[in-house]
Amino acid sequence: MTLSVTPMEPAELGRIRILPDAGLGALRTERGNLPLDRLDVQARISGLVARTTVTTEFINAFDISLEATYVFPLPDRAAVTGMTMTADGRTVEAELQERGAARHAYDQAIEAGQRASIAEEERPDVFTMRVGNIQPGERVTVELTMAGPLPWEDGAATFRFPLVVAPRYVPGTALPGEPVGDGRLLDTDAVPDASRITPPVLLPGFPNPLRLTVGVDIDTTGLPLGSIRSSLHTVTTAGTRIEIAAGERADRDFILRLPYAGDGSGAVFVPDVSTGDTDAAADAAEGTFQLVVLPPDDGDSPARPKDVVLLLDRSGSMGGWKMVAARRAAARVIDTLTSDDRFAVLTFDHQVGRPDDLGSGLSDATDRNRFRAVEHLARAEARGGTELLSPLRDGLGLLTDVKARDRVLVLVTDGQVGNEDQILAELTSLVGSTRIHTVGIDRAVNAGFLGRLAAIGAGRCELVESEDRLDDAMEQIHRRIGAPLVTDITVSGVDTGARAHSIFPGVPLVLFGRHCGAVPATVAVRGRTRDDEEFLTEITVEHGDESAVTAQWARSRLRELEDRYAAGDRSLEKEIVGVSLRFGVLCRFTAYVAVDNRVVTEGGSTERVTQPVESPSGWQSFESHDAAFLMAGGAPPVAAGPPPAGPAFAPAAVSYGGPQPFAAVPSGLAPTGRPTPTGRPAPSGLPAMFGRAASSGRAGAPRLAKSAVPASTGLTVEDLTAIVRLEAERLGEAADRSVAQRRDLLDDLATRLAALLETMSDPEVEPLRALVERLRADGDLATKWADAREVLDGFRPGSSADPGRKPFWKR
């Protein structure tokens, strides 16, 4: 491997000193490590809403203009509502634009020698920030503002702020052409933006690379507050303010638990234009509402028998305390089963394992079978890569019997995969009535993906950051495996959307929505209890001017649309962009861009640097011989078979075209047509939406092999045929269910088929499209049931061609 290092003049060498505590491969100047010097998180919690400001401060310690890239996490449910850039005494307010336009504006500014910054969403909880034309010795500060809800259950709210993007397993075959980002891994057919979500990782022994400050002010809004707990960081308190202790590292989530005493159900309406006049608000033409419904007393009603499939991640990234906690969590699930239940246990890395003597299907939950399963779990050791899609398919395939049984899938993992969209796209149509619960075990868990997966399965997402938290989390999963207390929730007076909702023990139902016209004085919430009795509660509607309510609705709406887009409905792009721009909330199709109109660089060179991130706390260190080998400029061995133990990444200090010592000046990366600092022109021919292209120097960067899996190429007619066959089997098994249950099954079938068919134009699918229309029309249940059985049983077409590659944010 050849490194491109700009030679230093004698005067420059005199300004640099090697520090004894600098760590392996570290080089530090008097101005500090590069490029991110300070990360500050300041939150104000008011009731169950957190308003947070994140400040990043970049410094240029070189004598050449610098462009810095930082890949960072944010809470997956938080709405990013603003950004500013401050440099040389001037603050510039960022503008939210369609993503392609924002990237073009940023690149034009960099070309023109102006300071600029851009913030983009890669995943619901992973973002990229670029700051360009930072002058030598200069500090540039970028500030993001956001608002998000605090989850509340069993009398306690949780404030969780992620501080590091953990390495993620990236399956698939490498795509041809230049990567779309500056990360460690190449883009693949399964993860077309892998290079944008895999930042370089600091080598072992590196000192704390940045100044981290976190402060939280708490306004209880009159709710009684018990003893606050911080589970992963040392904190100091002064009144209602909490601060992280000095010297803490950004290698794990910051978590506070606030034991509030709840004040009952409630509803609030916020008009789009606040007038300060309650009467005017009542007549507002349009606005946003939030509805909170507390669960009723669950009493002693027994739950129905269950079919439960447990998936345990035993991949390399689950090493150490996580594997211990995961085994305990999985065993707790097995222990909750009764003799009326059936179950299966699958442990997985790049292969799937099952307990001995239990076969390949569901087993009765006898004492003997449960012992065999726990024995198998106790032998699980961390190894290999996280091949998550295959075990999820296998697990859902076992849950096809709907006769008087609840179907539950429990996934225990850290969620560190890069092909989230591929997984969600392929599972959305397979979930059916199966309830999916996810248990994320990590100090820097992939919460966004696990939350989305639980959402499509109407289940629960528990995040476990330490073994101390495990028992509480698994108690909640135990309660949620049982039947919900109230189902088929409807709300009169306001529109809560078409999605069905349920209420579970200990967890309030929180709904957001939009409303036009006069605001009702009360709303009625109706549903059916597990005893098939009517549930009814009336809630008084209050009026407010809290903009966070509108921002949270916009964020949840964008998440819903983006998940539908990932599942195959490509017609939603325009609506997603429209919602994002109208309400000023960042999403995957938009970006915040700030441009300082002052020209600070004319005709000079600009170096491009990617900020390295910490190795997540609790992850096993990289092997020392591998680190030394990489530091010497070698390439790690490439496996020809299954992936090596641990996540598929190469340990490095900074990826400047391959692993290099930390402060080596990077070889330049430039937009098409702009010369790099080495004098070589950047490659041309990339689509404009990719913006800045990598120089050819990156192509040879050593990377560990990734296992090959089938590409996520969109829904084909062949895929649809398999789904239709499953739907036909479900109807056949449900023939003896009640009228209400069969009507619900047909209604759900119509919605699933409609979503699948929206992006398909093959003539062969027209019988299914016509069936959807007939199922949605008024008619006799017996006629509809027979019609559906006939169409589904007779659907036997061929396959369709694969679509082409999409822009990485439209994957």
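Numbering of residues begins from 1 in every chain and follows the order in which that chain's sequence is written. Per-residue local features of the predicted model are confined to residues with pLDDT of at least 70, and side-chain atom pairs are confined, for both listing and counting, to 80 or more; whole-chain, interface and lining totals are unaffected and use all residues. Derived side-chain values reflect all non-hydrogen atoms in the structure, with water molecules and hydrogen atoms excluded from consideration.

Enquirer: Sorry, what's going on with the overall build of the chain here?
Expert: For helices the rule is a DSSP run of H or I covering at least 4 residues; for strands it is a run of E covering at least 2, with both sets numbered from the N terminus onward. Of regular secondary structure, the chain possesses 16 helices and 33 strands. Remark: exposure states derive from per-residue accessible area (1.4 Å probe, protein chains only) relative to the maximum for the residue type, with buried under 20%, exposed over 50%, and partly exposed in between. Within the chain, the fraction of its 811 residues that count as buried is 57%. Whether two residues are in contact is decided by their heavy atoms, any of which lying within 4.5 Å being enough. A sequence separation of at least 24 residues applies to 75% of the contacts in the chain between residues at least 6 apart. In the structure as shown, the chain presents an accessible area of about 31,000 Å², 50% of it carried by carbon and sulfur atoms. Throughout, the Shrake-Rupley method with a 1.4 Å probe supplies accessible areas, and for residues the shown protein chains are the sole cover considered.

Enquirer: Would you mind going over helix α7 (residues 420-427) with me for this structure?
Expert: Most of α7 sits out of view: 6 of its 8 residues are buried. Of the residues making up α7, those classed as buried are Glu420, Asp421, Gln422, Ile423, Leu424 and Leu427. Where the residues of α7 are buried, they touch β7 (114-123), α6 (389-398), α8 (447-456) and α10 (547-566).

Enquirer: Help me understand the sheet that holds strand β30 (residues 590-599) in this model?
Expert: Adjacent strands of a sheet form backbone hydrogen bonds with each other and so pair up, either parallel or antiparallel. Two strands pair if DSSP finds at least two bridges between them. What the 6 strands build is an open sheet, ordered β6-β30-β7-β8-β3-β31; its pairing is mixed. For this open sheet the edge positions go to β6 (95-98) and β31 (606-610), each flanked by a neighbour on one side alone. Taken over all neighbouring pairs, the strand axes of this sheet differ in orientation by 20 degrees on average, direction set aside. Pairing of β6 with β30, which is carried by 4 bridges, proceeds in the antiparallel orientation. Along β30, the bridge assignment pairs Glu98 with Thr590. The convention used is that axes are lines fitted to C-alpha atoms, helices contributing only their stretch in contact, and that angles between N-to-C directions extend from 0 to 180 degrees.

Enquirer: What is the right way to look at the nonpolar core in this model?
Expert: When a protein is soluble and globular, its nonpolar side chains tend to lie buried together. The biggest cluster of nonpolar side chains holds 52 residues, and the ones touching the most others in it are Leu74, Leu144 and Phe159. A total of 5 residues in this core trace back to one element, the largest contributor, which is strand β1 (residues 36-46). Take the buried residues of types Ala, Val, Leu, Ile, Met, Phe, Trp, Tyr and Cys, join any two whose side-chain atoms come within 4.5 Å, and each joined set is a nonpolar core. Among the nonpolar cores identified, the runner-up in size contains 31 residues, and Leu337, Ala373, Leu470 and Ile481 belong to it.

Enquirer: Please explain the sheet that holds strand β14 (residues 235-238) as it appears in this structure.
Expert: Spatially, β5-β4-β9-β2-β1-β12-β15-β14 is the arrangement adopted by the 8 strands of the open sheet, whose pairing is mixed. The open sheet has two edge strands, β5 (90-93) and β14, and neither has a second partner. Across this sheet, the average inter-strand angle for adjacent strands is 15 degrees, counted without regard to direction. For strand β4 (residues 79-87) and strand β9 (residues 139-149), the ladder comprises 8 bridges, and the chain directions are antiparallel. Considered in β9, the bridge of Met85 is made with Val142. Against the sheet, α10 contacts β2 (49-59), β4 and β9, and its axis sits at roughly 90 degrees relative to β9.

Enquirer: What exactly am I supposed to notice about the environment of Val431 here?
Expert: Along the chain, Val431 falls in the loop between α7 and β24 (435-441). Expressed as a C-alpha distance, the spacing of Val431 and Thr400, which sit 31 residues apart in the sequence, is 9.9 Å. Look past the residues within four positions of Val431 in its chain and what remains in contact with it is Leu396, Arg407, Ile436, Ile456, Gly457 and Arg730.

Enquirer: What is the right way to read the pattern of salt bridges from this model?
Expert: Pairing is possible between side chains of opposite charge, provided their charged atoms come close. Each reported salt bridge corresponds to a side-chain nitrogen of Lys or Arg within 4 Å of a carboxyl oxygen of Asp or Glu. Scanning the entire structure with this criterion turns up 53 salt bridges. Close ionic contact of Glu57 with Arg139 constitutes a salt bridge, the shortest N to O distance being 2.6 Å. Here Glu57 is found in strand β2, whereas its partner Arg139 is found in strand β9, with 82 residues between them in sequence. Ionic pairing is found between Asp349 and Arg314, a salt bridge with its closest N-O pair at 2.6 Å.

Enquirer: What's the story with the confidence of the model for the chain in this structure? I'm lost.
Expert: Interpreting fine coordinate detail is not advised for predicted regions of low pLDDT. Model confidence for the chain is summarised by a mean pLDDT of 75, while 75% of its residues fall at 70 or above. Each residue gets a pLDDT score, which is the predictor's confidence in that residue and runs from 0 to 100. Per-element mean pLDDT across the chain ranges from 29 in strand β33 (residues 659-660) up to 98 in β6. Contacts of residues 799-803 to residues separated by more than four positions or lying in other chains number 9 contacts, the stretch itself having pLDDT below 50.

Enquirer: Teacher, can you tell me more about helix α4 (residues 321-335) here?
Expert: Owing to its 3.6 residues per turn, the α-helix brings residues three or four apart onto one side. With 15 residues, α4 extends 21 Å from end C-alpha to end C-alpha; this agrees with the ideal 21 Å at 1.5 Å per step. Most of α4 is tucked away: 11 of the 15 residues are buried. All of the buried residues along α4 are Trp321, Lys322, Met323, Ala325, Ala326, Arg327, Ala329, Ala330, Ala331, Val333 and Ile334. In this analysis, the expected span of each helix is defined as 1.5 Å times one less than the number of residues it contains.

Enquirer: What exactly am I supposed to notice about the pairing of strand β29 (residues 534-543) here?
Expert: Successive side chains on a regular strand alternate, one facing one side of the sheet and the next facing the other. As paired strands, strand β17 (residues 266-271) and β29 are joined by 3 bridges and run parallel to one another. When the sheet's bridge partners are listed, Phe269 is paired in β29 with His543. In terms of strand pairing, strand β28 (residues 522-529) meets β29 through 7 bridges, oriented antiparallel. Each bridged residue has a counterpart across the sheet, and for Ala524 the counterpart in β29 is Glu538. Hairpin geometry of β28 and β29 is characterised by an intervening segment of 4 residues between the two adjacent antiparallel strands and by a positive phi of about 65 degrees at Asp532.

Enquirer: I tried to follow the packing of helix α15 (residues 766-776) against helix α16 (residues 781-793) on my own but got confused; where do I start?
Expert: Any two packed helices are characterised by the angle at which their axes cross and by the distance between the axes. Between α15 and α16, the shortest axis-to-axis distance is 11 Å and the interhelical angle comes to 170 degrees. In terms of axis orientation, α15 runs roughly antiparallel to α16. On α16, the residues touching Pro767, Leu768, Leu771, Arg774 and Leu775 of α15 are Lys784, Asp787, Ala788, Val791 and Leu792. Each residue is assigned to one of three groups, with Ala, Val, Leu, Ile, Met, Phe, Trp, Tyr, Cys and Pro labelled nonpolar, Asp, Glu, Lys and Arg labelled charged, and all others, Gly among them, labelled polar. Residues belonging to the contact of α15 with α16 are distributed by class as follows: 7 nonpolar, no polar and 3 charged. These descriptions rest on fixed angle ranges, namely under 35 degrees for roughly parallel, over 145 for roughly antiparallel, 65 to 115 for roughly perpendicular, and the rest for oblique.

Enquirer: I keep staring at the packing of aromatic side chains and nothing clicks. Help me out?
Expert: Aromatic ring pairs are described here by two measures, namely the spacing of the ring centres and the angle between the planes. The aromatic pairing rule takes the rings of Phe, Tyr and Trp, using the six-membered ring of Trp, and pairs them if the centres are within 6.5 Å, calling planes under 30 degrees apart stacked, those over 60 edge-to-face and the rest tilted. Applying the stated rule across the entire model yields 5 aromatic pairs. A connected cluster of aromatic rings, assembled from ring pairs, spans Tyr70, Phe72 and Phe127. For a ring to carry a charge above it, either NZ of a lysine or CZ of an arginine must fall within 6 Å of the ring centroid while also lying within 35 degrees of the normal to the ring plane. It is Arg514 that lies over the ring of Trp553; its NZ or CZ is 5.3 Å from the centre. Taking the ring centre of Trp785 as reference, the NZ or CZ of Arg742 above it sits at 5.4 Å.

Enquirer: Explain the side chain of Arg314 to me, please; I cannot follow it from the model alone.
Expert: Along the chain, Arg314 falls in the loop between β19 (306-313) and α4. The buried category is assigned to Arg314, whose relative accessible area is 10%. At a separation of 3.1 Å, a polar atom in the side chain of Arg314 contacts the side chain of Thr347. Setting aside residues up to four positions removed in sequence, Arg314 forms contacts with Met323, Thr347, Phe348, Asp349, Gln351, Val352, Gly353, Glu381, Ala382 and Arg383. We call two N or O atoms a polar contact when they sit within 3.5 Å, provided that within protein one can donate a hydrogen and the other can accept it, with sequence-adjacent residues counted only if both atoms are side-chain atoms.

Enquirer: Where do I start with the packing of α10 against helix α11 (residues 573-583) in this structure?
Expert: It is the contact of α10 with α11, at a shortest axis distance of 10 Å, that shows an interaxial angle of 165 degrees. Comparing their axes, α11 and α10 come out roughly antiparallel. The interaxial crossing formed by α10 with α11 has left-handed handedness. Every residue of α11 that contacts α10 at Thr550, Trp553, Ala554, Arg557, Leu558, Leu561, Glu562 and Tyr565 is listed here: Glu573, Glu575, Ile576, Val579, Ser580 and Phe583. Residue composition of the contact of α10 with α11, grouped by class: 8 nonpolar, 2 polar and 4 charged. A crossing counts as left-handed when the near helix is turned anticlockwise from the far one by less than a right angle, and as right-handed when that turn is clockwise.

Enquirer: Honestly, unusual backbone geometry in this entry has me stumped. Any pointers?
Expert: With glycine set apart, most residues show a phi of negative sign, and most peptide bonds adopt trans. Unusually for a residue other than glycine, Asp88 sits at a positive phi of about 50 degrees. For Asp88, a relative accessible area of 54% translates into the label exposed. The phi dihedral of Asn133 falls on the positive side, at around 60 degrees, and the residue is not glycine. With respect to the helices, strands and loops of the structure, Asn133 is situated in strand β8 (residues 126-134).

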